[in-house]
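Residues per chain are reported as follows:
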Amino acid sequence: MNSTFSTKAQKAALMFSANRTLSHNPPSSWTFYNADAAEAASNSNICYQYSGVYFLPGCIDAYMRDDESNNSAVGHRRWILYPQTQQMGTGDVSLTPGSQPYPYANALWVFNGNWGATRPSTRDEFVAWPPPGYVPYQTLYSRWSFSYPQADFQAAAVTMRDSIGATIPLSIAPISNGYGENTIVWTPVNPLPAGVLSQDAPIDVRITGVSIGGQTRSYSYRVTVFDPAVATPFAPFERLGVYRSGRWILVMSTAAVRLRPAWIATSPSAFRAPTPLRGDWNGDGKDDVGVYADGFWFSTTRKQVRTAASQTGNTSLAGPELRRLWAIGTATAGHNRYFRERVLVLGRRWRRRGTARGASRPSLGGTASTAPLRR
């Protein structure tokens, strides 16, 4: 923050409150008018209000919302997010109660003389609000914006899709340049599901037909809206694992744990081309490893099922090492050929009568995956 800017902005805020109105070009007849206040008024986002949480503190939420009818270009937001700005200043005057109260007022100095300077590197090559990534729902304002320097948005189109891929209706505001970087602004209709936001809500945005330097470009990004008050299920970090030559090698902490399926070594002819699998088959929130081969499903999960040896009827496989290996279901010997020719399908939970209920949000805990971890 620039202390000189803030001192002048404070004088402007006092002037706005005392006169119960705003102007970027205040007349010299106003109460508390002076050169500093006038300079701040012409270089700042300005606001005043008698009530409303959006205007406290510093009117920042109000500036970022820019949802009033005369702010369809979201100019206040664009000046706050302008990449070249290096210093700002702010000044506030609190509400003075009474029969004729003086309103709360603010001036946020946003012009620091760096307009049009070399653009610094930004996280994304564009500046959007809401930005790509995780965004608290409290900052998901009615107007969305996408800015790019010197971009021509006259022929641009915006598409939004929700978590299930459904198109979200929207309306695009008239293009208005001159506030920070060139920007396209649109208002989506009900971008979030009704009711409490109980889980993260991803929204995909695609902007096409953007003309930059004579070339037409497109941009895509995802905004994931969340409620900070709602804890999302913890998904532990993935750990490395490799399946090769009949072995699972898993990295747990700093040690590698080797699981040697004895049936692979003992009876290779009975289990051709095994497919390595991973999934949470016992509901403990952790992935277990296993193998599918010739219609048989095997896992290291200690679930209350029969051992691989008893499932196959091959008692020669019931060695000490195999006692750690459990089957999670199998076909009879007569069905082996049928299963050998079918595609593997796994789900988090299965309903009866063959109806699958798959995982809606894959994560390490609680999800079964047919994708091998590389042979």
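Up top you'll find the structure we're talking about.
Residues numbered from 1 in each chain as written. Predicted model: local features only at pLDDT ≥ 70, side-chain atom pairs only at ≥ 80, totals over all residues. Heavy atoms only, no water.

Visitor: When you look at the sheet that holds strand β7 (residues 157-161) in this model, what are you seeing that I'm missing?
Guide: Each strand in a sheet pairs with its neighbour through backbone hydrogen bonds, running either in the same direction (parallel) or in the opposite one (antiparallel). Strand order in this open sheet of four strands is β5-β11-β10-β7, and the pairing throughout is mixed. Lying at the two open borders of the sheet, with one neighbouring strand each, are β5 (133-136) and β7. Sheet twist, expressed as the average angle between the axes of neighbouring strands with direction ignored, equals 30°. Examined bridge by bridge, β5 and strand β11 (residues 215-226) share four bridges and lie parallel to one another. Directly across from Tyr134, in β11, lies its bridge partner Thr224. (Pairing = 2+ DSSP bridges. Helix = DSSP H or I, 4+ residues; strand = E, 2+ residues; numbered from the N terminus. Axes fitted to C-alpha atoms, helices over the stretch in contact; angles between N-to-C directions.)

Visitor: Sorry, what's going on with the state of the cysteines here?
Guide: Scanning all chains against the criterion turns up one disulfide. Between the sulfur of Cys47 and that of Cys59 lies a disulfide, 1.6 Å long from S to S. Where Cys47 bonds to Cys59 through sulfur, the torsion about that S-S bond is close to 65°, and the disulfide is right-handed. Within this pair, whereas Cys47 is found in strand β1 (residues 44-49), its partner Cys59 is found in the loop between β1 and α3 (60-65), the two being separated by twelve residues in sequence. A relative accessible area of 6% places Cys47 in the buried class. (Disulfide = S-S within 2.5 Å. Buried < 20%, exposed > 50% of the residue type's maximum accessible area, 1.4 Å probe, protein only.)

Visitor: Whenever I open this one, the nonpolar core confuses me. Can you help?
Guide: Within soluble globular proteins, side chains that are nonpolar generally end up buried alongside one another. Phe146, Trp186, Ile207 and Tyr221 are the most contacted members of the largest nonpolar core, which has 26 residues in total. Secondary-structure elements contributing two or more residues to this core are β6 (144-147), β7, β9 (183-188), β10 (201-212) and β11. In this structure, Tyr221 is in contact with Phe126, Ala128, Pro130, Pro132, Ser145, Phe146, Trp186, Ile203, Asp204, Val205 and Ile207, ignoring residues within four places of it in sequence. Counting 15 residues, the second-largest nonpolar core is a separate cluster that includes Ala40, Ala41, Ile46 and Trp109. (Core = buried A, V, L, I, M, F, W, Y, C linked by side-chain atoms within 4.5 Å. Contact = heavy atoms within 4.5 Å.)

Visitor: Would you mind showing me how to read the layout of surface pockets here?
Guide: Taking a probe equal in size to a water molecule and rolling it over the atoms shows the remaining empty space. Approximately 650 Å³ is the volume attributed to the second largest pocket. For the second largest pocket, the lining is made up of 29 residues, of which Ile46, Asp66, Asn70, Asn71 and His76 are closest to its centre. Elements with a minimum of two residues in the lining of the second largest pocket: α2 (35-42), β1, α3 and α4 (75-80). A class-by-class count of the residues in the lining of the second largest pocket yields 14 nonpolar, eleven polar and four charged. (1 Å grid on protein atoms, 1.4 Å probe; cavity = no way out; pocket = protein on both sides within 12 Å on 5 of 7 lines; lining within 4 Å. Points joined across faces, edges and corners; volume = space filled by probe spheres on them. Nonpolar A, V, L, I, M, F, W, Y, C, P; charged D, E, K, R; others polar.)

Visitor: Any chance you could explain the packing of helix α1 (residues 3-19) against α2 here in plain terms?
Guide: Helix packing geometry: the angle between the two helix axes and the distance between the axes. Interaxial distance between α1 and α2 falls to 7 Å at its minimum, and their mutual angle equals 90°. Taken together, the axes of α1 and α2 are roughly perpendicular relative to one another. Residues Lys8, Ala9, Lys11, Ala12, Met15 and Phe16 of α1 form the contact with α2, whose participating residues are Asp36, Ala37, Glu39, Ala40 and Ala41. Taken together, the residues that form the contact of α1 with α2 break down as seven nonpolar, no polar and four charged. (Parallel < 35°, antiparallel > 145°, perpendicular 65-115°, else oblique.)

Visitor: Is there a simple way to think about empty space enclosed by the protein in this case?
Guide: Applying the stated criterion across every chain, the model contains three cavities of 30 Å³ or more. Computed from the structure, the second largest cavity encloses a volume of approximately 80 Å³. Taken together, Arg77, Arg78, Leu81, Tyr82, Pro83, Val127, Ser145, Ser147 and Glu181 make up the full set of residues lining the second largest cavity. Contributing elements (two or more residues each) for the lining of the second largest cavity: α4 and β6.

Visitor: Honestly, the packing of aromatic side chains in this entry has me stumped. Any pointers?
Guide: Both the distance between ring centres and the angle between the ring planes are used here to describe each pair of aromatic rings. In total, this model carries 14 aromatic pairs according to the counting rule given. Between Phe146 and Tyr221, the aromatic rings sit 6.2 Å apart at their centres with planes inclined by 15°, giving stacked as the arrangement. Taken together, the positions of Phe146 in strand β6 and Tyr221 in strand β11 put the pair 75 residues apart, joining distant regions of the chain. Residue Phe146 shares its accessibility class with Tyr221, and that shared class is buried. (Phe/Tyr/Trp six-rings, centres within 6.5 Å; stacked < 30°, edge-to-face > 60°.)

Visitor: Before we go on, may I ask you to explain the pairing of β11 in this structure?
Guide: If a strand is regular, its side chains alternate between the two faces of the sheet. Note: β10 against β11, ten bridges, orientation antiparallel. Bridge assignment links Ile207 to a residue of β11, and that residue is Tyr219. The loop that links β10 with its antiparallel partner β11 comprises two residues; one of these, Gly213, has a positive phi angle of about 60°.

Visitor: Where do I start with α2 in this structure?
Guide: Each full turn of the α-helix corresponds to 3.6 residues, which orients residues three or four apart in the same direction. Within α2, burial applies to Ala37, Ala38, Ala40 and Ala41. The buried residues of α2 occupy one face: seen down the axis, they fall within an arc of 165°. Buried-residue contacts for α2 involve α1, β1 and β3 (104-109). Residue Asn34 occupies the N-cap position of α2, its side-chain oxygen lying 3.1 Å from the main-chain nitrogen of Asp36. (Arc of directions from axis to C-beta. Polar contact = N/O pair within 3.5 Å; in protein donor to acceptor, adjacent residues only side chain to side chain.)

Visitor: I keep staring at the environment of Gln87 and nothing clicks. Help me out?
Guide: Here Gln87 shows up in the loop between α4 and β2 (89-93). What makes Gln87 partly exposed here is its relative accessible area of 38%. In terms of polar contacts, Gln87 uses its side chain to reach the side chain of Asn2, at 3.1 Å.

Visitor: Before we go on, may I ask you to explain the pairing of β3 in this structure?
Guide: β3 sits mainly inside the fold: six of its six residues count as buried. Of the two faces of β3, the one carrying Tyr104, Asn106 and Leu108 and the one carrying Ala105, Ala107 and Trp109 are both buried. In terms of strand pairing, β1 meets β3 through six bridges, oriented antiparallel. Within β3, the residue paired with Ser44 across the bridge is Trp109. Here β2 runs beside β3; their pairing, made up of five bridges, is antiparallel. Paired with Thr90 across the strands is Leu108, a residue of β3.

Treat this as a map of the structure, not an account of what it does.
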